[in-house]
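Chains, contacts and geometry: an overview
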Amino acid sequence: MAFLKNRTSVLIVGGLIILALIGIVGSITANPAGFIQKIAIMALIGFAIFFVVRKFSNSSPQKKDQRAFLKAAKQSKKRLQNKSGEPNLKSSSLGPIATLKKNKSKRKPPAHLTVIDGKKGKKKNRASL
């Protein structure tokens, strides 16, 4: 019985495709300019809907993650360039004294970390079931 259901759905879909092709061919032969105009209008409406949906769905979590990643990548790139000793155009025009003052003022405060004592020495008794 499953074969018959599958065959009927194939026949229905195939019939719809054939009817659509007949309609397209008939429309092209009867009024080619009108057919091209309808296709162009449908494409423009489709693009407009696509861009409107894209504009309003811009606040998805994936986009936020992507923006955060790009921002972190830029910061990392800047940090690596500064460590490698390549002078920036801005700092080279100000002179070496300005760069020393700039570096001193941007020092980060030391991180205050605390140690949490855990149960590292105690082993689990895996034999008890």
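It should be emphasised that the depicted structure is a prediction, and the values quoted were computed from it without experimental measurement.

Each helix and strand in the protein was counted, giving 5 helices and 0 strands. Along the protein, helices (α) and strands (β) appear in the sequence α-α-α-α-α when read from the amino end. Out of the 129 residues belonging to the protein, those deemed buried represent 3%.

Under the defined criterion, the tally for this structure stands at 1 aromatic pair. Arranged with centres 5.3 Å apart and planes meeting at 65°, the rings of Phe50 and Phe51 form a pair that is edge-to-face. Judged by relative accessible area, which is 45%, Phe50 ranks as partly exposed.

The next subject is a nonpolar patch on the surface. Taken together, the side chains of Ile12, Leu16, Ile18, Leu19 and Ile22 present a nonpolar region at the surface, about 550 Å² in accessible area. With respect to the element layout, Ile12 can be found in helix H1 (residues 2-30).

On to the confidence of the model for the protein, then. On average, residues of the protein score 77 in pLDDT, and 64% of them reach the 70 mark or higher. Within the protein, helix H2 (residues 32-56) carries the highest mean pLDDT (93), whereas helix H4 (residues 89-94) carries the lowest (50).

What counts, and at which threshold
- Residues numbered from 1 in each chain as written.
- Predicted model: local features only at pLDDT ≥ 70, side-chain atom pairs only at ≥ 80, totals over all residues.
- Heavy atoms only, no water.
- Helix = DSSP H or I, 4+ residues; strand = E, 2+ residues; numbered from the N terminus.
- Buried < 20%, exposed > 50% of the residue type's maximum accessible area, 1.4 Å probe, protein only.
- Phe/Tyr/Trp six-rings, centres within 6.5 Å; stacked < 30°, edge-to-face > 60°.
- Patch = residues over 30% accessible without salt bridge, like charges linked within 9 Å, V, L, I, M, F, W, Y side chains within 5 Å.
- Areas by Shrake-Rupley, 256 points an atom, 1.4 Å probe, with all protein chains shown as cover.
- Salt bridge = Lys/Arg side-chain N within 4 Å of Asp/Glu carboxyl O.
- pLDDT = per-residue confidence, 0-100.

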